[in-house]
Protein chains: 2
Amino acid sequence: MPEAPSKRSARDAEKADIDRIIEAVVYLYTEARRVTKEVARERGLTGPQISAIKILESFGDISLSELSDRMSARNSTITGLVDRMERNGLVERIRSAEDRRVTLIRLTPEGARIAREIPVDSMQILGAALDSLSRRDRHELRRILVSLTAAVEEEVRRRGHAPERARQPETP
Amino acid sequence: MPEAPSKRSARDAEKADIDRIIEAVVYLYTEARRVTKEVARERGLTGPQISAIKILESFGDISLSELSDRMSARNSTITGLVDRMERNGLVERIRSAEDRRVTLIRLTPEGARIAREIPVDSMQILGAALDSLSRRDRHELRRILVSLTAAVEEEVRRRGHAPERARQPETP
DNA sequence: TCCATTTATTTAGCATACTAAACAAATGCC
DNA sequence: GGCATTTGTTTAGTATGCTAAATAAATGGA
C-alpha cells in the first residue's frame, strides 16, 4: 500500500488497516480450517463431522435443525452430513415422539467414543497462537472483534441480506 | 463450586476470550463470503468466478497454475472452475507456444466487460463494518491481528503443516 | 371442523474444494 | 542420446455447501 504524504495519507492508512485486517481474518480462518481438517483426517473423519460430533457430545440428542443452527449451515447440508455419518456408524436418527416432524440425531457408542478422544478445541492452531498473545492484547482483541461482529450483524440486518436463518422470509 | 476465584477462574476467563475470538473470526469470514456470493449472483456468476475474473483482469493471460496459486486453490479445483467459466463464455483456454504443457487462461470480451463492471473490493460488508470502528480500535485491531497472524504462521512452520504452496489466502 | 399456513426434513441439481492417479511435455543427469 | 524425474493439467471420486422444490406433520383461524 503506497502512502501519499498528503491529506490522503490518513485515509490511505485507514484503507491499509482495513485491507490488512481483512487479509488477516481470511488467513486465520483458512489456516484454522485446514488444520482442523488434518486433525480430523487422522481419525478417518472430516472437519464438519468432528464439529458435529463435538456438538452432539455437548448438547446430547438434538434435532437436525438445531444441529444446523449450531453449525451455521442449512438443513439440506446437514441432512447430507448426517447421512454420511450414519453410514459410517457415528450417529443414528431417531424420530421424535412429541413432534413427529422432528428427527433427533444421536451419537452411537462408537461416535461417543471418538468424541471423547478428540480435544475440545479443534481450532488448535488458532488457540495456540492466541495463547501467545499477552493477556491484555487478547482481551482487547476480543473486545474489538465482538463490537465488530455486532457492527456486521447490524449491517446485515440493515441490508436485508440476512441468511434468513434467524428471521427474514424470502422474496418470491 | 465457584468459591475459588483462583488461577482456575483466570484461566477460564482466558479460555472464554479465546472461544469468543475464534467464534468472531469464523462469523466474520462466513458472513463476508456470503455477501460476496450475493454480489456475484446479481450478475449470474459465483464468488470464485468473480475472483478469477478480477485476477485475470489485473494480470492478463496467466497459466492455470498461476491462477490456482493466486486463488489459493489446487489445480484440479481451478480446472473445474475454468471449465464452467469457459462453458459460460467468460474465458478461453490457449495453448502456450513456449511450453506446450501450459494452458493460458484469457478473458473473452464478454468476461472483460463484466470484470470492468464489478467493484474491486468484494468484502464489502466487512469493510463497511470496519469503518464503523474508531480509528484507534481499528489500528489496535490491525496490530494485534498482524501479530496473531505471525504467530499462526510460526506455529504452522513449526508443525510442518505448511500448505507447501503460495501463502496468500484469497477471497472468493 | 376444515383448510391455509407454518415448520421440519429431505430430494435434486449445481458449484466448490480436496486428494490421488493418469498423462503429456520439458528437464536433468549419466 | 536416453531414460528418470519434474512440472502442468486433467480425470475420478468424495465431501461440503447452497437454493428450490417436494413432503409431511403441526397449528391457527374462520
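Remember, it's a predicted structure, so these values are computed and weren't measured experimentally.

Definitions and cut-offs
Residues numbered from 1 in each chain as written. Chains lettered and ligands numbered in written order. Predicted model: local features only at pLDDT ≥ 70, side-chain atom pairs only at ≥ 80, totals over all residues. Heavy atoms only, no water. Helix = DSSP H or I, 4+ residues; strand = E, 2+ residues; numbered from the N terminus. Contact = heavy atoms within 4.5 Å. Areas by Shrake-Rupley, 256 points an atom, 1.4 Å probe, with all protein chains shown as cover. Buried < 20%, exposed > 50% of the residue type's maximum accessible area, 1.4 Å probe, protein only. Arc of directions from axis to C-beta. Core = buried A, V, L, I, M, F, W, Y, C linked by side-chain atoms within 4.5 Å. Salt bridge = Lys/Arg side-chain N within 4 Å of Asp/Glu carboxyl O. Axes fitted to C-alpha atoms, helices over the stretch in contact; angles between N-to-C directions. Parallel < 35°, antiparallel > 145°, perpendicular 65-115°, else oblique. Nonpolar A, V, L, I, M, F, W, Y, C, P; charged D, E, K, R; others polar. Near = heavy atom within 4 Å. Polar contact = N/O pair within 3.5 Å; in protein donor to acceptor, adjacent residues only side chain to side chain. Pairing = 2+ DSSP bridges.

*Asks:* Before we go on, may I ask you to explain the overall build of chain A in this structure?
*Replies:* For chain A, the count of helices and strands is seven helices and three strands. Each helix (α) and strand (β) of chain A, taken in turn from the N terminus, gives the series α-α-β-α-α-β-β-α-α-α. Partitioning the intrachain contacts of chain A with sequence separation of at least 6 by distance along the chain shows that 43% fall at a separation of at least 24. Of the accessible surface of chain A, which amounts to about 9800 Å², a share of 49% is contributed by carbon and sulfur atoms.

*Asks:* Help me understand helix α5 (residues 109-117) of chain B, please; the structure alone is not making it clear to me.
*Replies:* The periodicity of an α-helix, 3.6 residues per turn, causes residues three or four places apart in sequence to face the same way. All names here are of chain B. Those residues of α5 lying buried are Gly111, Ile114 and Ala115. Along α5, the residues classed as buried sweep out an arc of 105° about the axis, all on the same side. Opposite its buried face, α5 presents the exposed residues Pro109 and Arg116, each directed more than 90 degrees away. Each element contacted by the buried residues of α5 is listed here: α2 (47-59) and β3 (103-107).

*Asks:* Explanation requested: the nonpolar core in the structure shown.
*Replies:* The tendency in soluble globular proteins is for nonpolar side chains to be buried as a group. Leu141(A) and Leu141(B) are the most contacted members of the largest nonpolar core, which has 38 residues in total. Those elements that provide at least two residues to this core are α1 (8-41), α6 (124-132) and α7 (135-159) of chain A together with α1 (7-41), α6 (124-131) and α7 (135-159) of chain B. Among the elements that line this core, the one with the most residues is α1(A), at 10 residues. Leaving out residues up to four positions away in the same chain, Leu141(B) has contacts with Ile21(A), Leu141(A), Ile144(A), Leu145(A), Leu148(A), Leu130(B) and Leu133(B).

*Asks:* It is not clear to me how the side chain of Thr108(B) should be interpreted in this structure. Could you clarify?
*Replies:* Summarising the element assignment, Thr108(B) is placed in the loop between β3 and α5. Apart from residues no more than four positions distant in its own chain, Thr108(B) is found in contact with Gly89(B), Leu90(B), Val91(B) and Glu92(B).

*Asks:* I would appreciate a short explanation of the pattern of salt bridges in the present structure.
*Replies:* Residues and elements named next belong to chain B. Scanning the entire structure with this criterion turns up 26 salt bridges over all chains. For the salt bridge of Glu57 with Lys54, the shortest nitrogen-to-oxygen distance reads 2.9 Å. Taken as a pair, Glu57 and Lys54 lie in helix α2 at a separation of three residues, close to a single helical turn. On the accessibility criterion, Glu57 (34% relative accessible area) is partly exposed. The shortest N-O distance in the salt bridge between Arg93 and Glu86 comes to 2.6 Å.

*Asks:* Please clarify how the packing of α2(B) against α5(B) should be interpreted in this entry.
*Replies:* Packed helix pairs are characterised by how far apart their axes lie and by the angle those axes make with each other. Residues and elements named next belong to chain B. Where α2 meets α5, the axes come as close as 9 Å, and the angle between the chain directions of the two elements is 100°. Relative to α5, α2 is oriented roughly perpendicular. Here Ile53, Lys54 and Glu57 of α2 lie close against α5, whose contacting residues are Gly111, Ile114, Ala115 and Arg116. Residue classes in the contact of α2 with α5 are distributed as three nonpolar, one polar and three charged.

*Asks:* Sorry if this is basic, but what is going on with the protein's contact with DNA strand D here?
*Replies:* Lining the immediate surroundings of DNA strand D are 26 residues, of which Thr46(A), Arg74(A), Ser76(A), Arg84(A) and Ser65(B) lie closest. A breakdown of the atoms of DNA strand D within 4 Å of the protein gives sugar and phosphate a share of 75%. Between DNA strand D and the protein, one listed contact pairs a phosphate oxygen with a side-chain N or O atom of Thr77(A) at 2.9 Å. At 3.3 Å from a sugar or linking oxygen of DNA strand D is found a side-chain nitrogen or oxygen belonging to Arg41(B). When residues of the surface near DNA strand D are traced back to their parent elements, those giving at least two are α2 (47-59) and α4 (75-87) of chain A together with α1, α3 (64-70) and α4 (75-87) of chain B. If you tally residues by element for the surface near DNA strand D, the top one is α4(A), at five residues. Residues belonging to the surface near DNA strand D are distributed by class as follows: five nonpolar, 10 polar and 11 charged.

*Asks:* Would you explain the sheet that holds strand β2 (residues 91-95) of chain B in this entry?
*Replies:* Paired through backbone hydrogen bonds, the strands of a sheet run either parallel or antiparallel to each other. Residue and element names in this part refer to chain B. As summarised here, the arrangement of the three strands in space is β1-β3-β2, forming an open sheet in which the pairing is antiparallel. Every other strand in the sheet has two partners, leaving β1 (62-63) and β2 as the edge strands with one partner each. For β2 and β3, the ladder comprises five bridges, and the chain directions are antiparallel. Residue pairing in the sheet places Arg95 in a bridge with Thr103 of β3. Set on the sheet, α2 makes contact with β1, β2 and β3; between it and β3 the angle comes to about 95°.

Geometric values such as these leave the question of function open.
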